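A structural walkthrough
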2 protein chains.
Amino acid sequence: MVPLSGEKMSFFAIDRSAAEPLTRQIYAQLRSQVLSGILPSGSRVISTRRLAAELGVSRNIVLDAFDQLLAEGYLETRTGAGTFIAPGAAFHPGEMPDLSAVQTVGFRPFHTDLVDFRSGLPDLNSFPVRTWQRLSREVWDELTPLDLSYSQPEGRVELRSEIARYIAAYRGVRCHPDQVLVTGGTTQAVGIVSRLLLRGSRSTCILEDPITSDIQIIAAGFGGNILPIPVDGQGMRVEALPEEVRPGFIYVTPSHQFPLGVTMPIQRRVRLLKYAQARGAFIVEDDYDSEFRYDSPPISSIQGLDPQRVVYIGTFSKTVCPSLRIGYIVFPPELVNRGREVKWFTDLHNSSVDQLILARFIAEGHFVRHVHAMKKAHRAHRQALVDSLRAHFGNAAEVLGSPAGLHLCARFAGVRFTPGLLARIESAGAKVYPVEEHAIKKGRWRDTLILGYGMLGPQRMDEGISILRRCLAA
Amino acid sequence: MVPLSGEKMSFFAIDRSAAEPLTRQIYAQLRSQVLSGILPSGSRVISTRRLAAELGVSRNIVLDAFDQLLAEGYLETRTGAGTFIAPGAAFHPGEMPDLSAVQTVGFRPFHTDLVDFRSGLPDLNSFPVRTWQRLSREVWDELTPLDLSYSQPEGRVELRSEIARYIAAYRGVRCHPDQVLVTGGTTQAVGIVSRLLLRGSRSTCILEDPITSDIQIIAAGFGGNILPIPVDGQGMRVEALPEEVRPGFIYVTPSHQFPLGVTMPIQRRVRLLKYAQARGAFIVEDDYDSEFRYDSPPISSIQGLDPQRVVYIGTFSKTVCPSLRIGYIVFPPELVNRGREVKWFTDLHNSSVDQLILARFIAEGHFVRHVHAMKKAHRAHRQALVDSLRAHFGNAAEVLGSPAGLHLCARFAGVRFTPGLLARIESAGAKVYPVEEHAIKKGRWRDTLILGYGMLGPQRMDEGISILRRCLAA
């Protein structure tokens, strides 16, 4: 232990076995004593030569620590007089943080200890890890240093071209790659679209009711005044759209409504387009899981009917994996530049390497093959779930919507899925999710569940439905 | 060519050599003829059997196309009467897009055909590609299917722990890993902080002047009323902070001011903290390139002085690479949950695999080694630039700020970097960036350039400075 200052005594020691470099140890202790006021301002500091001798270290080590403290203003030198504690450097730090109130927000884990009917997850067990690893290695092998630099907000052209080609062939979307903006998934896409289109007198956004609660929160967070339009067996009840409103956008999930799962027929699509055209409003088409359609090829997009009027949102969360965080927006030409600007000031751009790997995954045909394989798996999962519902509930459970996507809705007439009932089901071993959570006008969907089947095999699902039956019977 | 409808004649053909499946070809042509009105609603469609025979394809191919058109509402079947074009399905699509106005927004490429003094880029030539590839392979080898699912907004605990350890040891930041939020770089971090802290009566944000123009735009975009405080040789002139204001936050780059490059001494830091404390305001500390300090170890953070009062922002764009798009925020405990909520509704979370690779890169010591190697390279680059400025300009160019970071500022007394002069320099072969671009109050920095040196070797820089001298002499 060495006295640090000639005027007031203060001590410290160094620890040669610690990982922290000696310079840093000396620096940290001196600094902490200045901050705490133990070494008061104006007091003279022991000379570097003497401190080095006392500690038995090389003088350079002490000099480095002192230089640092001088640079940061803790010490000052007076010519010919030595080194002093600088004025104004004492400060009493707060207590150590209390983190007892910290909690998880937004995210819901997939519970493997329960039969978890969480929706929106594809069968992640079949992800082609080896292929992805190979493509990743190839991309890194070919990368130039400038590929590691900042990049365009719209995303890498390699990926945008593959997206444009794919959605033209499989989704009937008509666009040039320059209309594509690569985003951090659908969530970011909804935020960008809300920022772009909800402004001034155009602050109304028309949403399907029910619709994913996240979308309601994001649109409202950007100042959107939400106008809900009920969904029936053919999607948004377009005839209920109010005449007098000039909305910023009308948000629809026409291929497979979330959560109800219904498909909007062409007549309503045309009527919706005419409504939007007459008001100079945009349609936002969220096409989140339309690749998975089990009774026919995927339904074509509304975008293909009028590329000037529709903002199309797609995602790789359901077809590749959610952890990748890549989705995209197809903008009408007039919105392209402003969309890029909003993305730039949101997070500049998506990870370049991830984009290049994904582009190659699509270009080499792995993507379409993987979607095809997952479709087969999901179709079987869905059938097993329908069979299980039939076996356990008969006509007491009605399956809503089209055979498509990663979830179905089931209506249990006369049942009310209260928080208490949901908790009982969970403690019996199954986790189910009520449609009511996603309803804007509350009270219409208390008897209906969203049942996701992407991650669950037939046996697990049957266990879950059997638990559900027992709980509803109790 | 086959007539499609019994009532009105309409033809199409299939192309067996095309990549598009035959079902899709039949579907697409029928659909397009319904949409365009060539096949009017109510008209009867040729039978699938006959169409198959006429086209010489299997009937299943035609049935699949018809099923799809039925599912989408283009066709309808009347029992016993056959298949008809459904009413309300005709629509006249818009013209093909005019993309002539589309342009790059925000992003500035690094020009290799010029001597480009763009700031903010580290030496990307030395990125350890092989190490990164190995870590990527290892992470993928160990990944479970649920790692591919959705994840927590705050980021993977593996990465947050490494960040907390690293910034404690090297930046004097005191925090628990739960206070760390992984972000899509500093841009997203600034957006999240602005969303969180600029609200209601707290809409004023105090910025250093000059400061990165992107930060001004982001804060203003979230409703911030910007109050600029000038920077002098010791950073923000804290004594000029107005008494009567209660700001949402005060944004500072105290370790290495951007763009001027100066360091804020401890006295000003303490005074700034007291100002913020007295007003219940937060300090946002942007620590973007403080790892690179060439005359002493990195300057400790303000956060370490008062973890309750400071929101600390760090980035891996300068220490790993910008294309990765990973940065982080360290929140005071009271802001942790709300910060996670904003991140969730921004883009849910960062790519999980990228986070895990980066966590391993830090945990295995590659990160600190890489930063150390880059620091040596950057120090040499900076010295070469200073030498070159001295050789070509002597006292006519004054180098501002501390020897740190990835750029320096140079003041050319009497020169005015007008758009015309900048264009002449560019056509002579060098690209330079004026500080004035980042000034909030215009007019004070017309004679000063930001010169980035991360990506440029000594010889290139000397070429660039020599071009600059010729252009200023002309």
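Everything here concerns the structure above.
Residues numbered from 1 in each chain as written. Chains lettered and ligands numbered in written order. Predicted model: local features only at pLDDT ≥ 70, side-chain atom pairs only at ≥ 80, totals over all residues. Heavy atoms only, no water.

1. Describing helix α5 (residues 157-171) of chain B
Residues and elements named next belong to chain B. Put simply, the test is: Helix numbering and strand numbering both begin at the N terminus, where a helix is a DSSP run of H or I of at least 4 residues and a strand a DSSP run of E of at least 2. By this rule, a helix spans an expected 1.5 Å times one less than how many residues it contains. Partly exposed residues are those whose accessible area sits between 20% and 50% of the maximum for their type, while under 20% is buried and over 50% is exposed, using a 1.4 Å probe and protein chains only.
For α5, with 15 residues, the first-to-last C-alpha span of 20 Å sits near the 21 Å given by 1.5 Å per residue. Burial in α5 covers these residues: L159, R160, E162, I163, A164, Y166, I167 and R171. Positive phi shows up at G172, right after α5, with a value of about 65 degrees.

2. As for the relation of the copies chain B and chain A
A rotation about some axis, followed by a shift along it, carries one copy of the chain onto the other. Note the threshold: Copies are brought into register by a least-squares superposition over C-alpha atoms of residues with pLDDT of at least 70 in both. The criterion used for residue contact is that any of the two residues' heavy atoms lie within 4.5 Å.
For the match of chain B to chain A, the screw axis carries a shift of 0.0 Å, the RMSD comes to 0.1 Å, and the turn is 180 degrees. Look at the turn and shift together and you get a two-fold axis relating the two. By residue overlap, the copies meet face to face through one surface: 100% of the interface positions of chain B are interface positions in chain A.

3. Observations regarding the sheet that holds strand β7 (residues 204-209) of chain B
Residue and element names in this part refer to chain B. What counts here: A strand pair is defined by DSSP finding two or more bridges across the two strands.
A sheet is described by the order of its strands in space; here eight strands give the open sequence β6-β13-β12-β11-β10-β7-β8-β9, paired in mixed fashion. This sheet does not close on itself; its edge strands, each paired only once, are β6 (180-183) and β9 (235-236). Strand direction decides the pairing type here: strand β8 (residues 225-232) and β9, joined by two bridges, are antiparallel. Paired with V231 across the two strands is M236, which belongs to β9.

4. Details of the pattern of salt bridges
Heads up, the rule is: A side-chain nitrogen of Lys or Arg and a carboxyl oxygen of Asp or Glu constitute a salt bridge if their distance falls within 4 Å.
Scanning the model with the defined rule gives 52 salt bridges over all chains in all. One salt bridge connects R134 of chain A with E138 of chain A, and the closest N-O pair in it is separated by 2.8 Å. Taken as a pair, R134 of chain A and E138 of chain A lie in helix α4 (residues 129-142) at a separation of four residues, close to a single helical turn. With a relative accessible area of 29%, R134 of chain A lands in the partly exposed category. Note that R156 of chain B is salt-bridged to D147 of chain B, the shortest N-O span being 2.9 Å. Both residues of the pair, R156 of chain B and D147 of chain B, count as buried. One network of salt bridges, in which partners are shared, links R134, E138, E142, R360 and E364 of chain A.

5. Examining the interface of chain B and chain A
Inclusion rule: A simple way to read buried area is as the amount of 1.4 Å-probe accessible surface that goes missing from two parts once joined, with both sides added. Residues adjacent in sequence count toward polar contacts only when both atoms are side-chain atoms; beyond that, a polar contact is any pair of N or O atoms within 3.5 Å, and within protein one must be able to donate a hydrogen and the other to accept it. Amino acids are sorted into nonpolar (Ala, Val, Leu, Ile, Met, Phe, Trp, Tyr, Cys and Pro), charged (Asp, Glu, Lys and Arg) and polar (every other residue, Gly among them).
Taken together, the contacts link 110 residues of chain B with 110 residues of chain A. Approximately 9100 Å² of surface area, both sides summed, lies buried where chain B meets chain A, with 60% of it carried by carbon and sulfur atoms. Seen at the junction of chain B and chain A, the total is two salt bridges. Where chain B meets chain A, there are 37 residue pairs in polar contact (both at pLDDT 80 or more). Grouping the constituent residues of the side of chain B that touches chain A by class yields 51 nonpolar, 36 polar and 23 charged.

6. Quick word on the packing of aromatic side chains
Cut-off, in case you're wondering: Between 30 and 60 degrees the pair is tilted, below 30 it is stacked and above 60 it is edge-to-face, where a pair is any two Phe, Tyr or Trp rings, Trp via its six-membered ring, whose centres lie within 6.5 Å. Criterion for a charge above a ring: Lys NZ or Arg CZ within 6 Å of the ring centre, and within 35 degrees of the ring normal.
Counting across every chain of the model gives 30 aromatic pairs over all chains. Considering the side-chain rings of F412 of chain B and F417 of chain B, the 5.7 Å spacing of their centres and the 75 degrees angle between planes classify their relative orientation as edge-to-face. Residues F412 of chain B and F417 of chain B agree in their burial class; the two are buried. Above the face of the F222 of chain B ring, R195 of chain A is positioned so that its terminal group lies 4.5 Å from the ring centre.

7. Structural notes on unusual backbone geometry
Geometrically, the link from D209 of chain A to P210 of chain A is a cis peptide bond, its omega value of 5 degrees lying close to zero. With respect to the helices and strands, the residue P210 of chain A is situated in the loop between β7 (204-209) and α7 (213-221). For the peptide bond that leads from F258 of chain B to P259 of chain B, omega is 5 degrees, which places it in the cis range. Residue placement: P259 of chain B occurs in the loop between β10 (249-252) and α8 (266-278). Although it is not a glycine, R325 of chain A adopts a positive phi angle of roughly 55 degrees. You can see R325 of chain A is positioned in the loop between β12 (310-315) and β13 (327-330). Positive phi is not limited to glycine here, since L348 of chain A has a value of about 70 degrees. As for its position among the elements, L348 of chain A is in the loop between α9 (336-347) and α10 (352-363). According to the relative accessible area criterion, L348 of chain A is buried, its value standing at 5%.

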